[in-house]
Amino acid sequence: MHNRHIPALALSVGLLVAATPLFAHHANAVFDTEKKVTVKGTVVEWLWANPHCLLRFDVTDDKGEVAHWVGETQAPINMIGNGWRSDSFKAGDEITVNLEPLRNGRPGGSILNVVLANGKTLNTRSGGIYKPDGAKPDGAKPDGAKPEEDPKP
């Protein structure tokens with residue numbers, strides 16, 4: 001009688017084991033979310049790709065030594081609604097990056113926002129996900145127009 005439950009138990013355990021890496025991938029354990037760091041640098045490369053966009057940039061310290069930083073953002077579909085694009089950066093652009101640093105002390109982290117040389121700020125976090133064929137998180141239509149209010153009866 002106990003033998004008929006073994007296959008179901010084995011299947012359940014197998015599914016849990018297989019799903020564990022999915023949860024681990026999206027953990028923020030590598031970032032120190034209690035700290036915020038601001039650095040000024042020069043863009044080396046902007047990788048607009050899934051599952052995360054990556055911004056490679058060089059930061060020169062007071063001694064003239066260059067540190068090669070990597071900042072991570074969300075997937076492109078999550079960035080579009082905040083004004084990010086595949087051509088948001090080009091090599092040589094001067095930027096200021098605010099991020100949650102890596103816990104291991106290496107030069108990198110989870111980007112909170114980037115300030116461009118012209119003063120424009122690109123934020124990484126918003127209240128929702130923008131889908132190119134749907135409404136923006138604030139309810140605006142894809143063309144930027146606000147939704148019409150219902151007329152009062």
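Calculation rules
For every chain, the first residue of the written sequence is number 1, and numbering continues from 1 onward in sequence order. Per-residue local features are limited, in this predicted model, to residues with pLDDT of at least 70; the limit for side-chain atom pairs, both in listing and counting, is 80 or more; totals at the level of whole chains, interfaces and linings are taken over all residues. Side-chain numbers come from the whole structure's heavy atoms, not from hydrogens or water. Using a 1.4 Å probe on the protein chains alone, a residue whose accessible area is under 20% of its type maximum counts as buried, one over 50% counts as exposed, and one in between counts as partly exposed. Runs of E in the DSSP output that reach at least two residues are strands. Runs of H or I that reach at least four are helices, and both are numbered from the N terminus. Pairing between two strands requires that DSSP report at least two bridges joining them. Whether two residues are in contact is decided by their heavy atoms, any of which lying within 4.5 Å being enough. The criterion is simple. A nonpolar core is a set of buried Ala, Val, Leu, Ile, Met, Phe, Trp, Tyr and Cys residues joined through side-chain atoms within 4.5 Å. As used in this structure description, the phrase polar contact means that two N or O atoms lie within 3.5 Å; if the pair is within protein, one of them must be able to donate a hydrogen and the other to accept it, and residues adjacent in sequence are counted only when both atoms belong to side chains.

Draft legend 1. A look at the pairing of strand E4 (residues 94-101). For E4, a buried count of 7 out of 8 residues is recorded, marking the element as mostly surrounded by other parts of the structure. Hairpin remark: E4 followed by strand E5 (residues 108-116), antiparallel, with 6 residues in the connecting loop; positive phi at glycine 105, about 85°.

Draft legend 2. Geometry of the environment of arginine 103. Considering the arrangement of structural elements, one finds arginine 103 in the loop between E4 and E5. Residue class for arginine 103 comes out exposed when judged on its relative accessible area of 53%. Each C-alpha atom of the pair arginine 103 and phenylalanine 31 lies 5.3 Å from the other, and the pair is 72 residues apart in sequence. Sequence-distant contacts of arginine 103, that is, excluding residues within four places in its chain, are made with Ala29, Val30, Phe31, Asp32 and Thr33.

Draft legend 3. Representation of the nonpolar core within the structure. Counting 18 residues, the largest nonpolar core has Leu55, Phe57, Trp84, Phe89, Ile95, Val97 and Val114 as its most contacted members. Every element with two or more residues in this core is listed here: strand E1 (37-47), strand E2 (54-60), E4 and E5. Contacts of leucine 55, omitting those with residues within four sequence positions, involve Val43, Glu45, Trp46, Trp69, Val70, Gly71, Phe89, Ile95, Val97, Ile111 and Val114.

Draft legend 4. Structural detail: the environment of methionine 79. In this fold, methionine 79 is placed in helix H2 (residues 76-79). Note: C-alpha distance between methionine 79 and threonine 124 (45 residues apart in sequence) is 6.5 Å. With residues up to four places along the chain from it excluded, the contact list for methionine 79 reads Trp48, Cys53, Thr73, Gln74, Trp84 and Thr124.

Draft legend 5. Representation of the side chain of aspartate 93. You can see aspartate 93 is positioned in the loop between H2 and E4. Overall, the relative accessible area of 18% leaves aspartate 93 in the buried class. Separated by 2.9 Å, the side chain of aspartate 93 and the backbone nitrogen of lysine 90 make a polar contact. If sequence neighbours within four positions are ignored, aspartate 93 has contacts with Gly41, Thr42, Val43 and Ser88.

Draft legend 6. The arrangement of the pairing of E1 in detail. Across 6 bridges, E1 lies against E4 in antiparallel orientation. Bridge pairing in E4 links threonine 42 to glutamate 94. Where E1 lies against E2, 5 bridges are found, and the strand directions are antiparallel. Note on E2: the bridge partner recorded for threonine 42 is aspartate 58. Turn length for the E1-E2 hairpin, with the two strands adjacent in sequence and antiparallel, is 6 residues.

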